[in-house]
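Inside the fold
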Amino acid sequence: MRRKEREVTDKNRLREIIESCHRIRVGFIDNGHVYIVPVNFGCVYEDEKYTFYFHSAKEGRKMTLIKENPTVGFEMDTGYELKTAGAACAHSAYFQSVIGEGKISVVEDTEEKKKGLRMVMEHETGNGDWEFQDKMVQAVCVWKITVSEITGKEQVHNQ
């Protein structure tokens, strides 16, 4: 990271930034081209490792790409505010962001699918006490990223 003074090294602060983000952009490689999809997500932090959960239809471009190449990149950001200055090149921004990479896979186990859906709902609504009928769970695809690398960066008002 070029701007080390903006790197987020505190694990609790990194989790706070992730919790404040409402979309994650997942980047796939598609025949030498980049395909980026913004999606809502849920997150689990266990044993100092992140797992991000998502849901989608069972068919489509994402599903094809997940099966073709399980390595993906991701980005999320929040708190953007323009930091103005007298000269054009002196403008900057306040922000918090997270980037990383990992392996993506489709979740097949019904109980893990329910866990993933619960995490998505908890992240979006603040409520993690949801029940899911097996029929509904079988109708939706749940996929996850098992994170191998993650970094955070921020510029806040007091820097």
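Note that the structure is predicted; figures quoted are calculated from it, not measured.

**Here's the deal with the environment of E149**
With respect to the helices and strands, the residue E149 is situated in strand β8 (residues 141-155). Each C-alpha atom of the pair E149 and T51 lies 11 Å from the other, and the pair is 98 residues apart in sequence.

**A look at helix α1 (residues 11-20)**
All of the buried residues in α1 are L14, I17 and I18. All buried residues of α1 fall inside an arc of 100 degrees around its axis, so they share one side. Regarding α1, its N-cap is D10, as a side-chain oxygen of that residue lies 3.1 Å from the backbone nitrogen of N12 further along.

**Observations concerning the pattern of salt bridges**
Within the structure shown, the criterion is met by 11 salt bridges. Among the salt bridges present, the one from K115 reaches E46, with a minimum N-O distance of 3.7 Å. Residue K115 is found in helix α3 (residues 110-125), and its partner E46 is found in strand β4 (residues 42-46); the two are separated by 69 residues along the sequence. On the basis of relative accessibility, which here comes to 29%, the residue K115 falls in the partly exposed class. Looking at E46, the relative accessible area reads 45%, which means it is partly exposed. Across the pair E111 and K114 runs a salt bridge, and its minimum N-O distance is 3.7 Å. Of the two residues, E111 and K114 are both situated in helix α3; the distance of three residues between them amounts to about one turn of the helix. On the basis of relative accessibility, which here comes to 52%, the residue E111 falls in the exposed class. Relative accessible area serves as the criterion here: at 13%, K114 is assigned to the buried category. Taken together, the salt bridges that share partners define one network made up of R13, E16 and E154.

**Brief notes about unusual backbone geometry**
A positive phi angle, close to 50 degrees, is found at N31, a residue other than glycine. Along the polypeptide, N31 turns up in the loop between β2 (24-30) and β3 (33-39).

**Considerations on the packing of aromatic side chains**
Aromatic rings in a pair are described by how distant their centres are and how their planes are angled relative to each other. Evaluation of the coordinates by the stated rule reveals seven aromatic pairs. Between F28 and Y35 the ring centres are 6.2 Å apart and the planes differ by 40 degrees, which places this aromatic pair in the tilted class. For F28, a relative accessible area of 2% gives the class buried. Consider the rings of Y50 and F52, whose centres lie 6.1 Å apart with planes at 5 degrees: the pair is stacked. For the pair Y50 and F52, a shared accessibility class is recorded, and that class is buried.

Reading guide: rules and limits
Residues numbered from 1 in each chain as written. Predicted model: local features only at pLDDT ≥ 70, side-chain atom pairs only at ≥ 80, totals over all residues. Heavy atoms only, no water. Helix = DSSP H or I, 4+ residues; strand = E, 2+ residues; numbered from the N terminus. Buried < 20%, exposed > 50% of the residue type's maximum accessible area, 1.4 Å probe, protein only. Arc of directions from axis to C-beta. Polar contact = N/O pair within 3.5 Å; in protein donor to acceptor, adjacent residues only side chain to side chain. Salt bridge = Lys/Arg side-chain N within 4 Å of Asp/Glu carboxyl O. Phe/Tyr/Trp six-rings, centres within 6.5 Å; stacked < 30°, edge-to-face > 60°.

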